[in-house]
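# Summary of structural features
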Amino acid sequence: MIKRFLKNKLHKTSRKQRTKGSAKAQSSSLPLNSLRLCVSARLNSLFFILLFIIFSLSAQEPVTGGTGADALFAAEEFRLGVQAFNRFAYNEAILSFERALSFRPGQPLILDWLGKAYYRSGFEETALRQWRSALNNYGRTTGTGMLLNARIETVANRRFLMPIADDGVRYVGAGRYPGRYENIVLYRQPTSVLPNNDGSIWIVAYGSNEILRVDVNGIIRDRRRGPLNGFDRPYDLARGLDGRMYLSEFRGGRISVLNSNGDWLSYIGSRGLGNGQLVGPQHLTIDEDGYLYVVDYGNRRITKYDPDGMFIISFGLRSAIFPGMLSPTGIAAGNGRIYITDSAAKVIYMFDPNGNYLGPLAVYDLMGPESLRFLSDGTLLLADGNRFLQIDPDTAIVRELGLAGTERVRITGADMDRNGNIVAANFVAGEVSVMTRFDDIASGFFVQIRNVNSQNFPQVTVELTVEDRLRRPILGLDNNNFLITENGIPVNNQTMLMPGFRYQGADISLLVERSDATSRMRDDFAAASRDINRALQEMGNSKVVSVISASTQPRREQHENSLENAVRGTADSYNQRWRFDLGLRLAATDLLTASPKRSVVYVGSGGLGELAFEQYSLSEMAAYLANNGIVFNAIIIGGGQISAGIEYLCRETGGKAMHLYRPRGIGELIKSAAETPNGLYSFTYNSRLPTDFGRAWLSVEAEVYLMERSGRDNTGYFAPLQ
């Protein structure tokens, strides 16, 4: 009777497989479910009966392939591993996948997922080994194999990439934001661009007297024309330290002050020749202290104002040691210096913030320099005719990044957006050009499906990240940039939730050094906790998730009632054998389920101790943080030196380190966690796939498109058991 029942079920399953065309998408038969229940029921006699029947019928398991009991056990462990992975329990997932492989050695799907779990745990070398083994079994020419091979190459190569200034990559045209669509004028004569943290840019339209905010897809999202009398030939736009923006008006002879949304607030300066007056103001820059510098083109000088518009000084006129400026154009402030381009003299001049002439920057063979901006790595981006130059201000080494074309080109303003593209205002062509690294166009996006939540099946939630080959997140995408499919068929009701880059606030895990050196600095710990708490309150929607004492054995401190007491700790928690690696691992693990923007903030002496990486290496810890979107920041107490290990972790994750008692305080470090670029995107959709009561392997794929670039990833999940 049991045998006849099993034969009927297997016959139905085989017929479904022939109809569907893929055994991989099919569900297990009821006897296999019964077998699992029998195993959990202490291997009673029915188990042996069913096991004999399974062997005699050679029933095939649909997820992992193969026949018999081993396939059954492998399938069960695989299911448990996938569910653990989607709960961010990566250690548990690794154990389940390893057990599954013991039953089905070399099974590529299990190897693929084992590699994913190792990758999320920070063990990239081990992950690459698993993926390469899976690739050998998949085959390089299969669809799955080609996708896996692309992932292997991206992860392997970016571990050895140099910073952007040294990679020698050329920038090529990837798209444009035209000022005209057929017979419709969108804007006229752009002169400048200003990138935003969400991937969009502001375009200053000189010809149409307005500024426009354009998203990464080239769609105009906002348009501002100023107060009632409007802007009068706007030219350049700069952002102050407090988020306010400053807009130069060339014909108006003034500076408009705008809020962060582009709404007009007030004026600075007026037309004229006197102190604080302007004639034809063009390019702008803001220094590290928030002072505004204006290229006063008509007066051939630079005018400096404080953040509220109070005139400070003018400089740059001819003197005994300075020949004077013929045609001042671009300007940039950084490293305690002011850099000014002269398009007629074809030179870059250097001044200090007080207007003292320091000499020319030793850059030669310039064609007609105009726009000048500092990049995030401390180099200068110069728009020189139709070419873009990257200049190291310390060494004057110049590298040509790319060309904007040869006809109808006059680049009056250029900058790098938050996705690593050069965006350039082409005044003559009436459009903004988008230049992307050639290697990025060739390699596409690195897309990773991070999590699949099917608890409310058939509604499914998918989280994924989109990055470039340098691990930089891609910002500003919307629902139209994504296509999610199951078994190759677009899902129903694909809806994007709030993307990570729009999330306001951040979650923080504090890692407190409990060494002998810091046992005498408990008051410093208390001061740091007060500053941290104050910054979090000013940010809003931010919280401390955990306080980890990095002692011999790290532990979580109770901090809900008193953050200060938790950070100070108790005298017996300090020990010379404190463990940085274990504490950091625990602090990062507490953030795996936190908000999209999250940071481990280390508070300590800056030295990591002799047992710092006893169990986990520095590179493994950096990978664990970076692969899970966690930023490492450091607050140094006691005036100690910042160790190379701390600097490495900050650099690899996009964080920073600073001393507690610095003049400007540590508030900006805490707040930077909420400003860190984030490429996490979440979607909900309704699945159409049958689940076989939660036993069926359900495949899902996500594809991303933007201009000339694309990327994709595939994964799968199990619905809840029914």
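None of these values were measured; they are calculated from a predicted model.

Another point: the environment of Gln558. Here Gln558 lies in the loop between β34 (555–557) and α11 (563–568). Sequence separation between Gln558 and Ile548 is ten residues; the distance between their C-alpha atoms is 9.4 Å.

Now for the packing of helix α13 (residues 618–626) against helix α14 (residues 644–653). When two helices pack together, you describe them by how their axes are tilted relative to each other and by the distance separating the axes. One way to put it is that α13 packs onto α14 with a least axis distance of 9 Å and a crossing angle of 30°. With respect to their mutual orientation, α13 and α14 come out roughly parallel. Judged by the sense of rotation from one axis to the other, the crossing of α13 with α14 is right-handed. Contact residues: Leu618, Ser619, Met621, Ala622, Leu625 and Ala626 in α13; Gly645, Tyr648, Leu649, Glu652 and Thr653 in α14. Among the residues making up the contact of α13 with α14, the classes are represented as seven nonpolar, three polar and one charged.

The next thing to look at is the pairing of strand β10 (residues 254–258). Summarising burial for β10: five of the five residues are buried, a large majority. Of the two faces of β10, the one carrying Arg254, Ser256 and Leu258 and the one carrying Ile255 and Val257 are both buried. Note: strand β9 (residues 245–249) against β10, five bridges, orientation antiparallel. Across the sheet, residue Ser248 finds its bridge partner in β10, namely Ile255. Hairpin connection between β9 and β10: a loop of four residues separates the two successive antiparallel strands, and Gly253 in this loop has a positive phi of roughly 65°. Judged from the four bridges that link them, β10 and strand β11 (residues 264–268) form a sheet pairing that is antiparallel. Note that in β11 the partner of Ile255 across the bridge is Ile268. Adjacent in sequence and paired antiparallel, β10 and β11 are bridged by five residues, among which Gly262 carries a positive phi angle near 90°.

Pairing between the strands of a sheet is mediated by backbone hydrogen bonds and can be parallel or antiparallel. If you trace the four strands from one edge of the open sheet to the other, you get β8-β9-β10-β11, paired in antiparallel fashion. Each having just a single partner strand, β8 (234–239) and β11 make up the two edges of the open sheet. Ignoring strand direction, the axes of neighbouring strands in this sheet form an average angle of 25°.

This brings us to the sheet that holds strand β40 (residues 709–717). Within the open sheet, the four strands sit side by side as β30-β29-β39-β40. Their pairing is antiparallel. The open sheet terminates on both sides in strands that have one partner only, identified here as β30 (489–490) and β40.

Our focus in this paragraph is the nonpolar core. Judged by nonpolar contacts, the single largest core of 61 residues is most densely connected at Phe580, Val600 and Phe632. Per-element accounting of this core gives the leading share, eight residues, to helix α6 (residues 108–120). In this structure, Phe580 is in contact with Leu511, Tyr602, Leu608, Ala612, Phe613, Phe632, Ile646 and Leu649, ignoring residues within four places of it in sequence. The next biggest cluster of nonpolar side chains, apart from the first, holds 29 residues, and it includes Val466, Leu477, Phe683 and Val704.

Before going further, it helps to spend a moment on the pairing of β9. The buried fraction of β9 is high, at five of five residues. By the alternation rule, side chains of β9 split into Met245, Leu247 and Glu249 and Tyr246 and Ser248, which are all buried. Hairpin connection of β8 to β9: five residues between the antiparallel strands, including Gly243 at a positive phi of 95°.

Put simply, Phe457 and Pro458 share a cis peptide bond, and its omega is 15°. Relative to the assigned elements, Pro458 resides in the loop between β27 (446–453) and β28 (459–467). In this structure, Phe88 is a non-glycine residue whose phi angle is positive, near 65°. Locating Phe88 in the fold gives a position in the loop between α4 (68–86) and α5 (90–103).

Turning next to the pattern of salt bridges. For the structure on display, the rule yields 46 salt bridges. Where Glu92 meets Arg87, a salt bridge forms, and the shortest distance between an N and an O atom there is 2.8 Å. Measuring nitrogen to oxygen at the nearest pair gives 3.6 Å for the salt bridge that ties Asp713 to Arg151. One end of the pair, Asp713, is in strand β40; the other, Arg151, is in helix α8 (residues 143–158), with 562 residues separating them in the sequence. For the residue pair Asp713 and Arg151, the accessibility class agrees, reading buried in each case.

In this section: α8. An ideal rise of 1.5 Å per residue puts 22 Å on 16 residues; α8 measures up with 23 Å between its terminal C-alpha atoms. Along α8, the positions that sit buried rather than exposed are Gly145, Leu147, Leu148, Asn149, Arg151, Ile152, Thr154, Val155, Ala156 and Arg158. Those residues of α8 that are buried lie in contact with α6, α7 (124–138), β27, β28 and β40.

Time to look at helix α12 (residues 580–589). Spacing of three or four residues puts side chains on the same side of an α-helix, whose turn is 3.6 residues. Taking burial as the measure, the ten residues of α12 include nine buried ones, the bulk of the element. Residues of α12 that are buried: Phe580, Asp581, Leu582, Gly583, Leu584, Arg585, Leu586, Ala587 and Ala588.

Counted under the stated rule, the structure contains 38 aromatic pairs. Between Phe73 and Phe103 the ring centres are 5.2 Å apart and the planes differ by 45°, which places this aromatic pair in the tilted class. One end of the pair, Phe73, is in helix α4; the other, Phe103, is in helix α5, and 30 residues separate them in sequence. Overall, Phe73 belongs to the partly exposed group, its relative accessible area being 23%. Here the aromatic rings of Tyr206 and Phe427 are separated by 6.0 Å at their centres, their planes lie at 65°, and the arrangement is edge-to-face. Here Tyr206 is found in the loop between β5 (201–205) and β6 (210–214), whereas its partner Phe427 is found in the loop between β25 (422–426) and β26 (431–437), with 221 residues between them in sequence. What makes Phe427 buried here is its relative accessible area of 18%. Cation over ring: Arg233 sits above Tyr206, and NZ or CZ is 5.5 Å from the ring centre. It is Arg514 that lies over the ring of Phe525; its NZ or CZ is 5.9 Å from the centre.

What follows deals with the confidence of the model for the chain. Overall, the predicted model of the chain reaches an average pLDDT of 88, with 89% of residues at or above 70. Note on residues 1–62: pLDDT is under 50 here. Beyond four places in sequence and across chains, it has 77 contacts. Confidence drops under a pLDDT of 50 for residues 161–166, and excluding neighbours within four residues, the segment shows 14 contacts in the predicted structure.

Criteria and cut-off values
- Residues numbered from 1 in each chain as written.
- Predicted model: local features only at pLDDT ≥ 70, side-chain atom pairs only at ≥ 80, totals over all residues.
- Heavy atoms only, no water.
- Helix = DSSP H or I, 4+ residues; strand = E, 2+ residues; numbered from the N terminus.
- Axes fitted to C-alpha atoms, helices over the stretch in contact; angles between N-to-C directions.
- Parallel < 35°, antiparallel > 145°, perpendicular 65-115°, else oblique.
- Left-handed = near helix turned anticlockwise from the far one by under 90°.
- Contact = heavy atoms within 4.5 Å.
- Nonpolar A, V, L, I, M, F, W, Y, C, P; charged D, E, K, R; others polar.
- Buried < 20%, exposed > 50% of the residue type's maximum accessible area, 1.4 Å probe, protein only.
- Pairing = 2+ DSSP bridges.
- Core = buried A, V, L, I, M, F, W, Y, C linked by side-chain atoms within 4.5 Å.
- Salt bridge = Lys/Arg side-chain N within 4 Å of Asp/Glu carboxyl O.
- Expected span 1.5 Å × (residues − 1).
- Phe/Tyr/Trp six-rings, centres within 6.5 Å; stacked < 30°, edge-to-face > 60°.
- Lys NZ or Arg CZ within 6 Å of the ring centre and 35° of its normal.
- pLDDT = per-residue confidence, 0-100.

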